[in-house]
Amino acid sequence: MSSTTRYRLIVRQGPLPGKVYDLAKSVLTIGREVKNDIVINDPEISRQHARLTEQADGGWQVEDLASTNGTFVNGERVTGPRLLKAGDVLGLGQTVQLEYAVAPEAEVTMIAASPSPAAEAPAPEAAPGLFSLPTSEPPPAAPPVSEPTPAVAPRFSLPPSTPPAPPAQKSGIPTWAWAVGVGGAVLACCACSAVAATVLVLAQQGAFGP
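Residues numbered from 1 in each chain as written. Predicted model: local features only at pLDDT ≥ 70, side-chain atom pairs only at ≥ 80, totals over all residues. Heavy atoms only, no water.

A. View of the overall build of the protein chain. Looking only at helices and strands, the protein chain features 3 helices and 11 strands. Going residue by residue from the N terminus, the α and β elements of the protein chain occur as β-β-β-β-β-β-β-β-β-β-β-α-α-α. Here the protein chain, with 210 residues, has 22% of them falling under the buried criterion. Sequence separation of at least 24 residues holds for 36% of the intrachain contacts in the protein chain that already meet a minimum separation of 6. As presented, the protein chain carries roughly 16,100 Å² of accessible surface, and 62% of it is formed by carbon and sulfur atoms. (Helix = DSSP H or I, 4+ residues; strand = E, 2+ residues; numbered from the N terminus. Buried < 20%, exposed > 50% of the residue type's maximum accessible area, 1.4 Å probe, protein only. Contact = heavy atoms within 4.5 Å. Areas by Shrake-Rupley, 256 points an atom, 1.4 Å probe, with all protein chains shown as cover.)

The following block contains the structure:
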């Protein structure tokens with residue numbers, strides 16, 4: 001395999017099954033202590049259990065670091081440095097098994113093509129031109145104009161109310177004057193009747209001669 005081939009360890013048995021550890025350094029240690037490159041917290045694993053070392057051809061070898069429960073490759077206990085092949089199962093004690101596998105080609109390409117932190121720095125923005133115009137935002141859309149609602153005529157119209165008749169104007173002649181006038185007329189008629197009756201009686205008696 002070429003030197004660009006990348007390898008990884010995949011947890012097949014033990015804590016966090018399916019977890020992937022990429023072999024990104026030339027030397028990595030495996031153990032229970034947090035200072036190891038690959039930390040696996042399991043009672044079967046020693047504080048410093050095994051060491052992985054990258055080879056010149058891009059492969060890896062494993063060696064046991066005098067662990068209590070031993071290091072195994074495909075079920076065989078490791079007593080010295082042991083070269084690994086893709087698909088080998090690395091056992092740590094009796095409860096942890098890690099598969100030694102090749103990383104997918106797509107991920108290898110991504111790692112090789114990833115830019116350095118300096119290249120990721122954004123380029124400074126160009127100074128605006130002498131006659132550049134500021135970008136104006138489009139004016140907000142005018143709210144829709146609602147059409148006026150036509151007035152609805154009432155279904156039942158009330159007849160117009162009749163205005164009250166104006167109060168009768170009182171005559172300028174007081175009431176007592178009317179009473180005096182009527183009374184005088186009556187007395188005059190009575191006096192005329194009495195005079196006429198007296199004249200008629202006297203004429204019958206011959207008081208006025210033949």
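Once you've had a look at it, read on.
B. Just the sheet that holds strand 9 (residues 82–83), in detail. The strand order 4-3-5-6-9 describes an open sheet built from 5 strands, whose pairing is mixed. Unpaired on one side and paired on the other, strand 4 (38–39) and strand 9 mark the two borders of the sheet. The pairing of strand 5 (residues 50–54) with strand 6 (residues 60–64) spans 5 bridges and is antiparallel. Counterpart to Glu 54 in the pairing with strand 6 is Trp 60. (Pairing = 2+ DSSP bridges.)

C. Up close: the nonpolar core. In this structure, Leu 9, Leu 23, Ile 40 and Leu 92 are the most contacted members of the largest nonpolar core, which totals 22 residues. Put simply, the parts of the chain that give this core at least two residues each are strand 1 (7–13), strand 3 (27–31), strand 5, strand 6, strand 10 (89–92) and strand 11 (96–102). (Core = buried A, V, L, I, M, F, W, Y, C linked by side-chain atoms within 4.5 Å.)

D. Looking closely at the packing of aromatic side chains. Under the definition given, this model contains 1 aromatic pair. Ring plane angle 5 degrees and centroid distance 4.8 Å describe the contact between Tyr 7 and Tyr 100, whose orientation is recorded as stacked. Residue Tyr 7 is located in strand 1, and its partner Tyr 100 is located in strand 11; the two are separated by 93 residues in the primary sequence. (Phe/Tyr/Trp six-rings, centres within 6.5 Å; stacked < 30°, edge-to-face > 60°.)

E. Broad picture of the sheet that holds strand 1. One open sheet holds the 6 strands; their spatial order is 2-1-11-10-7-8, and the pairing between them is antiparallel. Of all strands in the sheet, those with a lone pairing partner are strand 2 (20–22) and strand 8 (76–77), marking the two edges.

F. Spatial organisation of the side chain of Asp 42. Inspection of the secondary structure puts Asp 42 in the loop between strand 4 and strand 5. At a separation of 2.9 Å, a polar atom in the side chain of Asp 42 contacts the main-chain amide nitrogen of Glu 44. If we ignore the near neighbours within four places in the chain, the residues touching Asp 42 are Pro 15, Arg 32, Thr 95 and Val 96. (Polar contact = N/O pair within 3.5 Å; in protein donor to acceptor, adjacent residues only side chain to side chain.)

G. Region of interest: the pairing of strand 1. Counted residue by residue, strand 1 has 5 buried out of 7 residues, so it is predominantly covered. As defined by bridge partners, strand 1 adjoins strand 11 across 6 bridges and the pair is classed as antiparallel. From the neighbouring strand, Ile 10 faces strand 11, where its bridge partner is Glu 99. Bridging between strand 1 and strand 2 involves 3 bridges; their strand directions are antiparallel. Among the inter-strand pairings, Leu 9 is bridged to a residue of strand 2, identified as Tyr 21. The turn joining strand 1 and strand 2, which pair antiparallel and follow one another in sequence, is formed by 6 residues; a positive phi near 120 degrees is taken by Gly 14.

Keep in mind that these numbers describe shape and distance, not what the molecule does.
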